[in-house]
Amino acid sequence: MSLAPHVWPETAAVTGGRLFVGGCDTVVLAEQFGTPLYLLDEATLRGAMRAYRQAFAAAYPGPARVHYAGKALLNTALAQIVVQEGLGLDVVSATELLVARRAGVPMAHVHLHGNAKSDAELERAVAWQVGAIVVDTLDELARLGALTAHLAEPQGVLLRIAPEIEADTHVHIATGGAAAKFGLPLAVLDMAVARVLNTSGLRWLGLHAHIGSQLFALDQVVATVEVLVAQAARLRDRFGVTPVELSPGGGLGVPYTADQPPTDIPRYAEVVSAAMQVACTRHNLPLPRLTVEPGRSIVARAGVALYRVVGRKGQRWLHIDGGMGDNIRPALYSARYSAVLANRAGEPDSELVAVGGRYCEAGDVLLREIALPPAQPGDLLAVATAGAYTLSMASTYNLVPRPALVLVGDGRARLIQRRETEEDVLARDMRL
Ligand code: LLP
């Protein structure tokens, strides 16, 4: 077998028949930290962050900002890396905002998103002076107006629009259509802007749109930029205000299997930047601050999940000690992954098997069909591209504690999120 290089972390290598990531032997890590175990390769993670920053600095003549979308995976250590690499952070809950604060992310570089933010979340964001609250509905705008009435310094807001663009991706992660639950319909945008301009505690920064996730076709991203700029120009003509910031969201796709193309961050930056410049020239609008919000394309490839093979059922099934509790994506989106046997990575892939998770549900199948060496109980299965929307969506289904997360680099392994214990799981449990 060979590792498809664009699917595995940059540092992934097979030495002596074993998979190494970040200079660490995965077989040793699995023994040391237990399984299931998630690894995060620091070089791949920082590399993707730098690629975004450098690509936009090179491609966009105006100010550009890259905000990591924390919903893909968030913990304090990761947010500290976000700060070290000069990115901002997008959060979608009060607790994600708390993590931003614990990690020392400058609040000016934090945006709060969400289609159903609570008052408590809005209050925290206002009190901590986040750079922008991305407003999704007229109701939210009214509540935010009341919450900010006392402010000496107005709170910045971006208005999220529904650009009426159907992204070419899984229906569960397409968010830009006219019927989607996200964003202000274009028909009410003028009303929303008028309200922001008439609300003393709010300052209008600009517009935001996010059409979906796991996107490969960039023409829809270009179309999104065109809608943002056209709307901004229309609002300027009507209200005499010019946006400081426009954001086409995140969504750049990543390959999960060898047949999918590699993520091309420089090309994405060039296409988005060019679209912004062309549209702004056409509408005679000064170049705004351009903010992009990648999640998956920063963290997915850095992640590797390690599972112990628990047993076999006949020729077809391998059973492992994790599954939909730590990675719901195959069950939820029919997501596909690549995998190897980490302790026998030099051997030929001589059989096709399905990998069933440990959770008591027929839909808990991590890999429907994968070629591996003949696996036996005790072998170690490594799944690639496991960094995004896995641990962040993990549950304690079947009351199984959630895995640990280890940051690996230069032969060093650092625990950045410990394994959940039975006590953790039962901490909220009450007797009658
Ligand atoms: N900005 C906004 C407003 C978003 O809603 C999202 C993702 C992002 C940025 C980041 O998108 P990314 O670059 O990661 O594609 N759980 C699903 C993905 C849900 C995405 C939700 N929003 C999955 O596992 O495929």
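Residues numbered from 1 in each chain as written. Predicted model: local features only at pLDDT ≥ 70, side-chain atom pairs only at ≥ 80, totals over all residues. Heavy atoms only, no water.

A. Broad picture of the side chain of T291. Structurally, T291 can be placed in strand β12 (residues 289-292). Judged by its relative accessible area of 0%, T291 falls in the buried class. Within the local environment of T291, its side chain forms a polar contact with the side chain of E245, the two groups lying 2.8 Å apart. When near neighbours in sequence (up to four residues on either side) are disregarded, T291 contacts R65, H67, H111, E245, L246, S247, P248 and G249. (Helix = DSSP H or I, 4+ residues; strand = E, 2+ residues; numbered from the N terminus. Buried < 20%, exposed > 50% of the residue type's maximum accessible area, 1.4 Å probe, protein only. Polar contact = N/O pair within 3.5 Å; in protein donor to acceptor, adjacent residues only side chain to side chain. Contact = heavy atoms within 4.5 Å.)

B. Spotlight on the pattern of salt bridges. The final tally for this structure, using the stated rule, is 16 salt bridges. Note that R18 and D25 form a salt bridge whose closest N and O atoms lie 2.6 Å from each other. We classify D25 as buried; its relative accessible area is 13%. One network of salt bridges, in which partners are shared, links E42, R46, R50, E85 and R414. (Salt bridge = Lys/Arg side-chain N within 4 Å of Asp/Glu carboxyl O.)

C. Up close: the layout of surface pockets. Roughly 700 Å³ of volume is contained in the largest pocket. Lining the largest pocket are 32 residues, and of these K71, T175, F182, H210 and Y389 lie nearest its centre. When residues of the lining of the largest pocket are traced back to their parent elements, those giving at least two are α10 (296-299) and α11 (329-333). Taken together, the residues of the lining of the largest pocket break down into ten nonpolar, twelve polar and ten charged. (1 Å grid on protein atoms, 1.4 Å probe; cavity = no way out; pocket = protein on both sides within 12 Å on 5 of 7 lines; lining within 4 Å. Points joined across faces, edges and corners; volume = space filled by probe spheres on them. Nonpolar A, V, L, I, M, F, W, Y, C, P; charged D, E, K, R; others polar.)

D. Layout of the pairing of strand β4 (residues 37-41). In terms of residue burial, β4 counts as a mostly covered element, since five of its five residues are buried. Examined bridge by bridge, β4 and strand β13 (residues 303-313) share four bridges and lie antiparallel to one another. Residue Y38 lies in a different strand from β13, and its bridge partner there is A305. The pairing of β4 with strand β19 (residues 404-409) spans five bridges and is parallel. Counterpart to L37 in the pairing with β19 is A404. (Pairing = 2+ DSSP bridges.)

E. Representation of the sheet that holds strand β11 (residues 245-249) within the structure. The strand order around the closed barrel built from eight strands is β5-β6-β7-β8-β9-β10-β11-β12, with neighbouring strands paired in parallel fashion. Across this sheet, the average inter-strand angle for adjacent strands is 30°, counted without regard to direction. As defined by bridge partners, strand β5 (residues 64-69) adjoins strand β6 (residues 88-91) across three bridges and the pair is classed as parallel. Within β6, the residue paired with H67 across the bridge is G88. (Axes fitted to C-alpha atoms, helices over the stretch in contact; angles between N-to-C directions.)

F. Region of the structure containing helix α6 (residues 138-147). Taken as a whole, α6 has its buried residues at E140, L141, L144, G145 and L147. Axial view of α6: buried residues confined to an arc of 160°, hence all on one face. Of the residues in α6, the exposed ones pointing more than 90 degrees away from the buried face are D139 and A146. Where α6 is buried, its residues meet α5 (119-127), β8 (132-135), β9 (155-160), α7 (186-197) and β10 (202-208). (Arc of directions from axis to C-beta.)

G. Geometry of the nonpolar core. Y68, L159, L207 and L381 are the most contacted members of the largest nonpolar core, which totals 107 residues. Among the elements that line this core, the one with the most residues is helix α9 (residues 265-283), at eight residues. Summarising the domain contributions, this core has at least three residues from each of domain 1 (13-34 + 302-426) and domain 2 (43-299). Beyond its immediate sequence surroundings of up to four residues, L381 is in contact with A305, L306, Y307, I320, A339, V340, L341, V355, L367 and L372. Counting residues in each nonpolar core, the second largest holds 24 residues, with L3, L39, V304 and L306 among its members. (Core = buried A, V, L, I, M, F, W, Y, C linked by side-chain atoms within 4.5 Å. Domains from an automatic or database assignment.)

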